[in-house]
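Analysis of the macromolecular model
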Amino acid sequence: MTGAASVEPLDPQDAMRYIGGRGLNVARLVREIDLDVDPLSPENVLLVGVGPLDGTLFPGAARVNFTSKSPQTGILGDSNAGGFFGPELKFAGYDQVIIRGRAARLSYLFISDDGVQLLPAEDLAGLDVWETQSALLARHGRRAQVACVGPAAERGVKFSGIFCNLVRAAARTGMGAVMASKGLKAIVVRGTRPLEVASPEEFLALVKALDARILSHPEYKPRVALGTTRLVSALNAAGCLATRHFKTGRFEHAAEVSGEALAARLRVKGKACFSCTIPCSRFFEVKSGPHAGLKSEGPEFEGLAAFTSRVGAGDLEAGLATLDICNRAGMDAIATAECVSFAMECFERGIISREEADGLDLTWGNSDAVRTLVRKIASREGFGDVLADGVREAARRIGRGSEDLAMHVKGLELFMADLRGLKGYALGNAVASRGGDHLRSEPSFELTGDAEAAERRFGAREAAFRLEHKGKGRVVKHFEELCALADSLDACKNTIANMEVLPFDDAANILRAATGLEFDGAGVQAACERIVNVERCFLVALGIRRKDDTLPKRFREEPMPAGCGATSGSTVALDEMLDEYYEARGWDVATGVPTASTLRRLGLDDWLGRLEDRGVPQIRQ
């Protein structure tokens, strides 16, 4: 990275084919890199992309995508964050930033209306996320927006993320490690240009109609009240809350660490992203006890359960304090919690000793030991270094049967729900393009219990029930495309995926009014399907096949224990769902490779040659 920058106009054809954000990023990524590139080498690229509606009045169009080849998984790396950074990049006049090479010294990018500058950042070395953002806001003004990495990324923790607005984390797949490998501590953006839409009156009318649908939706008030934190209670009641590293689905202290408890005891006020209609976040403060003085935004469900139920700890304030350490160091809370809880189960089973764990007593619920281990991971100190490359690599290093305990898919750690109680989510995690990930599909329809809608929409009444397998292949395909839409608009999944308030035809109308491009509903849905297929082709080119679309052994072979209500006795029958999913996708059922006819239908003919060159058999048939 030399600091040299050039600007190129956005290709309207690319915008029609990939919309923006995640879509444009992956389309550009596969053109930019040698697919075999070392993710932490200068030859890898880091893309920063926003959607076409970022910065407008469209509800929740506030997100930003960071995309690269992942150093954590070795496949697609992609993660996004809400807050205010995305709109600011749009105000500066940019839809996408491509970062190549490596800076000769620690630096940060400053992007403004006037261009891009590479500035020295040696004085920021080792600062945590909060300290870095504070220092750069003091330098560039409080109206600037900062995306930065913490000390964990500088020390090479492979699941380190990129953080905006203190705790708004693009945490997954190690995008912070990629940014740090380029010698970048941060990206600062200050934009003041006005945004114009092609048809202002039509755009405003469409946004008002969408706002009305959101405000009248039955999910609106619960989401404003608790956001995703309500899932601690909901999943515990269903018997599928990740508890003591998925040993069971019910946590005896769930009420004490729930979203309701957080709201009643610690919530100060609500918070929202730019242009949000559902202010689902919150600001909290701990006013008494050993963690008095702790103040922060959030957490989401994942952060809340990460250092409570997952590690068997019933102390809410202690869990929040550990999450704060994780956030300030700049690490993915899901991956960190998996590494810690994996180590605790290994300790319980005698696979690792206290001496191997640097003298830590990793008994379930020992919050002090959990906090110490998180600090060790962030600094790659002692046993923390064993865990700092992710749970897959940790299990490989430890061995002794620990591989069966590592809860990941394709190297990415699983979230805070037990997949034995959520069959659609189980399939979604197995096939997600960035590894074990619930946010690539979010098939929440399986929680509705609406059998008639399930039969009408997905051809199987069972699709509306979380413990059934039939119909889930078609459900996951549909919600993958809604999530691709949300990620490419860089808008909130609460509304687009979970509440389903933006059908493809309506999305096309809003895109047409905003951009002046001739979007239609079928074209928008095809763009979303195209994004999923390009990502799959990327994975196929790297050797991913049906055998890799799997789940940890526990979910497939160990029935959920007694005491978990209707979920007790349940396992995931993945093969049946995979068959249905591949058929719905137009992929070869035996291998999980997109067929030639599917790629041609989506205008992805170029991948036929690329996959053939990579030794993928029969791809042209």
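Residues numbered from 1 in each chain as written. Predicted model: local features only at pLDDT ≥ 70, side-chain atom pairs only at ≥ 80, totals over all residues. Heavy atoms only, no water.

A word on the state of the cysteines
Per the stated rule, a full pass over the model turns up zero disulfides. In this model Cys276 remains outside any disulfide bridge; the closest cysteine sulfur is found in Cys273, 5.9 Å from its own. Note on Cys276: relative accessible area 28%, which makes it partly exposed. No disulfide involves Cys537; its sulfur sits 16 Å from that of Cys528, the nearest cysteine. (Disulfide = S-S within 2.5 Å. Buried < 20%, exposed > 50% of the residue type's maximum accessible area, 1.4 Å probe, protein only.)

Structural notes on the nonpolar core
In this structure, Phe58, Met331, Phe342, Leu362, Phe383, Leu485 and Leu489 are the most contacted members of the largest nonpolar core, which totals 133 residues. No other element matches the eleven residues that helix H13 (residues 333–348) contributes to this core. When sequence neighbours within four positions are dropped, the list of residues in contact with Phe383 reads Ala343, Ile352, Glu356, Ala357, Asp358, Leu362, Leu373 and Ile398. Counting residues in each nonpolar core, the second largest holds 30 residues, with Val37, Ala541, Trp607 and Val616 among its members. (Core = buried A, V, L, I, M, F, W, Y, C linked by side-chain atoms within 4.5 Å. Helix = DSSP H or I, 4+ residues; strand = E, 2+ residues; numbered from the N terminus. Contact = heavy atoms within 4.5 Å.)

A closer look at the pattern of salt bridges
Counted under the stated rule, the structure contains 55 salt bridges. A salt bridge links Arg31 to Asp14; its shortest N-O distance comes to 3.1 Å. Here Arg31 is found in helix H2 (residues 21–32), whereas its partner Asp14 is found in helix H1 (residues 12–18), with 17 residues between them in sequence. Among the charged side chains, a network of salt bridges with common partners joins Arg22, Asp78, Arg440, Asp487, Lys493 and Glu535. (Salt bridge = Lys/Arg side-chain N within 4 Å of Asp/Glu carboxyl O.)

Focus: the environment of Thr73
Mapped onto the secondary structure, Thr73 falls in the loop between strand E2 (64–69) and strand E3 (76–81). Measuring from C-alpha to C-alpha, the distance between Thr73 and Gly390 comes to 8.8 Å, with 317 residues separating the pair along the chain. For Thr73, the contacting residues outside a window of four places in its chain are Arg392, Lys410, Gly411, Leu412 and Arg434. Looking at Thr73, its side chain comes within polar contact range of the main-chain nitrogen of Ile75, at 3.2 Å. (Polar contact = N/O pair within 3.5 Å; in protein donor to acceptor, adjacent residues only side chain to side chain.)

What to know about the packing of aromatic side chains
This structure, assessed with the given rule, holds nine aromatic pairs. Measuring from ring centre to ring centre gives 5.1 Å for Phe445 and Phe458, while their planes differ by 65°; the resulting arrangement is edge-to-face. Of this pair, Phe445 sits in the loop between helix H17 (423–431) and helix H18 (451–458) while Phe458 sits in helix H18, and the two are 13 residues apart along the sequence. Take Phe445 and Phe458: they sit in the same class, and that class is buried. Put simply, the rings of Phe84, Phe91 and Phe274 touch in pairs and so form one group of aromatic residues. In this structure, Arg328 packs its charged tip against the face of Trp130, placed 3.9 Å from the ring centre. (Phe/Tyr/Trp six-rings, centres within 6.5 Å; stacked < 30°, edge-to-face > 60°. Lys NZ or Arg CZ within 6 Å of the ring centre and 35° of its normal.)

So, the sheet that holds strand E1 (residues 45–49)
Strand order in this open sheet of four strands is E3-E2-E1-E4, and the pairing throughout is antiparallel. In this open sheet, the two edge strands, each paired with only one partner strand, are E3 and strand E4 (96–100). Adjacent strand axes in the sheet meet at a mean angle of 15° when their direction is disregarded. Sheet topology note: the E2/E3 ladder contains six bridges and is antiparallel. Across the sheet, the residue bridging to Thr67 is Asp78, located in E3. Set on the sheet, H2 makes contact with E1, E2, E3 and E4; between it and E2 the angle comes to about 25°. (Pairing = 2+ DSSP bridges. Axes fitted to C-alpha atoms, helices over the stretch in contact; angles between N-to-C directions.)

Things to note about the side chain of Lys410
Tracing the backbone through its elements, the reader meets Lys410 in the loop between strand E14 (408–409) and strand E15 (412–413). Under the relative-accessibility criterion, Lys410 is labelled buried at 9%. Side-chain polar atoms of Lys410 contact the backbone oxygen of Ala430, separated by 2.7 Å. Engagement of the side chain of Lys410 in a polar contact is seen with the side chain of Asp549, the distance being 2.9 Å. The residues contacting Lys410, other than those within four sequence positions of it, are Thr73, Ile75, Arg392, Ala430, Val431, Ala432, Gly435, Leu539, Ile544, Asp548 and Asp549.

So, empty space enclosed by the protein
As enumerated under the stated definition, the model contains three cavities of 30 Å³ or more in all. Computed from the structure, the largest cavity encloses a volume of approximately 80 Å³. If you trace the largest cavity, you find it lined by Arg22, Val431, Ala432, Ser433, Arg440, Glu480, Val532, Glu535, Arg536, Leu539, Tyr581 and Trp587. Taken together, the residues of the lining of the largest cavity break down into six nonpolar, one polar and five charged. (1 Å grid on protein atoms, 1.4 Å probe; cavity = no way out; pocket = protein on both sides within 12 Å on 5 of 7 lines; lining within 4 Å. Points joined across faces, edges and corners; volume = space filled by probe spheres on them. Nonpolar A, V, L, I, M, F, W, Y, C, P; charged D, E, K, R; others polar.)

Remarks on the layout of surface pockets
Roughly 890 Å³ of volume is contained in the second largest pocket. If you trace the second largest pocket, you find 30 residues lining it, with Ser6, Val7, Gln96, Val97 and Ile98 closest to the centre. Mapped onto the lining of the second largest pocket, the elements with two or more residues apiece are H2, E4, strand E5 (107–112) and strand E6 (115–120). In terms of residue count, E4 provides more of the lining of the second largest pocket than any other element does, five residues in total. In terms of residue class, the lining of the second largest pocket is made up of 15 nonpolar, seven polar and eight charged.

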